[in-house]
Amino acid sequence: MNKETYYILNNREVIAVNHDSLGVQGKKVKKNGDLEVWASPLAHNKVAVILWNRGSSTAEITTYWSDIGLNSTTVVKARDLWAYKTQRSVKVQISATVESHACSTFLLRDKEFRVHGQLTADCIMCYDTFVVRIRFAKAKPK
């Protein structure tokens with residue numbers, strides 16, 4: 001097995017998204033030609049977002065909070081699960097330059113809510129696309 005394959009198969013952060021306790025399958029929430037955005041609510045006030053380039057050349061992919069069901073005023077921490085880097089205070093959108101036939105995977109967490117807050121998800125079918133709407137509930141103080 002080469003290093004790249006090993007790296008892909010052993011990315012613990014990506015595996016953790018796959019094994020998330022909320023158990024909600026990700027859905028395609030946006031498509032523009034060969035560019036797709038997938039999203040899934042996760043336990044503990046998190047959302048997984050995948051920017052997928054199915055095309056034959058590198059492309060810039062952007063998703064807005066409205067695409068993934070977040071309020072436009074939401075401020076998140078965005079963890080790039082392949083680059084192992086975190087962006088703080090991300091607002092309105094997330095973007096990445098994605099190589100051909102590759103993806104960027106982000107873990108978003110609303111900064112204003114505690115980890116033990118409550119997350120609910122309503123899935124609405126809109127033609128052939130599911131739109132995931134996330135509503136964060138603030139954790140009750142002790």
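How each quantity is defined
- Residues numbered from 1 in each chain as written.
- Predicted model: local features only at pLDDT ≥ 70, side-chain atom pairs only at ≥ 80, totals over all residues.
- Heavy atoms only, no water.
- Helix = DSSP H or I, 4+ residues; strand = E, 2+ residues; numbered from the N terminus.
- Buried < 20%, exposed > 50% of the residue type's maximum accessible area, 1.4 Å probe, protein only.
- Contact = heavy atoms within 4.5 Å.
- Areas by Shrake-Rupley, 256 points an atom, 1.4 Å probe, with all protein chains shown as cover.
- Pairing = 2+ DSSP bridges.
- Axes fitted to C-alpha atoms, helices over the stretch in contact; angles between N-to-C directions.
- Salt bridge = Lys/Arg side-chain N within 4 Å of Asp/Glu carboxyl O.
- Phe/Tyr/Trp six-rings, centres within 6.5 Å; stacked < 30°, edge-to-face > 60°.

A. Fine view of the overall build of the chain. Counting its regular elements, the chain contains two helices and 10 strands. Seen in sequence order, the chain has helices and strands lined up from the N terminus as α-α-β-β-β-β-β-β-β-β-β-β. In the chain, which comprises 142 residues, the proportion classed as buried is 37%. Considering only intrachain contacts with a sequence separation of at least 6, the fraction spanning at least 24 residues in the chain is 59%. Summed over all atoms, the accessible surface of the chain reaches about 9000 Å², with 51% contributed by carbon and sulfur.

B. Representation of the sheet that holds strand E2 (residues 35-42). One open sheet holds the six strands; their spatial order is E1-E2-E3-E8-E5-E6, and the pairing between them is antiparallel. The strands lining the two open edges of the sheet, one partner per strand, are strand E1 (27-32) and strand E6 (85-91). Each strand axis lies, on average, 25° off the axis of its neighbour in the sheet, ignoring direction. With eight bridges connecting them, strand E3 (residues 46-53) and strand E8 (residues 102-110) associate as antiparallel partners. Bridge pairing in E8 places Lys 46 opposite Arg 109.

C. Just the pattern of salt bridges, in detail. In the structure shown here, the tally under the stated rule is four salt bridges. Between Asp 67 and Lys 30 there is a salt bridge whose closest N-O contact spans 3.3 Å. Note that Asp 67 is positioned in the loop between strand E4 (59-64) and strand E5 (75-80) and Lys 30 in strand E1, a separation of 37 residues in sequence. Here Asp 67 falls in the buried class, since its relative accessible area comes to 17%.

D. Main features of the packing of aromatic side chains. Applying the stated rule across the entire model yields two aromatic pairs. Both rings, one in Tyr 7 and one in Trp 82, keep their centres 6.0 Å apart while their planes meet at 55°; by these two values the pair is tilted. Taken together, the residues Tyr 7 in helix H1 (residues 3-9) and Trp 82 in the loop between E5 and E6 connect sequence positions 75 residues apart. Judged by centre distance (6.2 Å) and plane angle (70°), the rings of Tyr 7 and Tyr 84 are edge-to-face. Note that Tyr 7 is positioned in helix H1 and Tyr 84 in the loop between E5 and E6, a separation of 77 residues in sequence. Overall, Tyr 7 belongs to the partly exposed group, its relative accessible area being 35%. The exposure class of Tyr 84 is partly exposed, given its relative accessible area of 37%. Chaining the aromatic ring pairs together yields one cluster made of Tyr 7, Trp 82 and Tyr 84.

E. Fine view of unusual backbone geometry. Its identity as a non-glycine residue notwithstanding, Tyr 84 has a phi of 55°, on the positive side. Despite not being glycine, Val 92 has its phi angle at roughly 70°, a positive value. Examined against the element boundaries, Val 92 turns out to sit in the loop between E6 and strand E7 (93-98). For Val 92, a relative accessible area of 42% translates into the label partly exposed.

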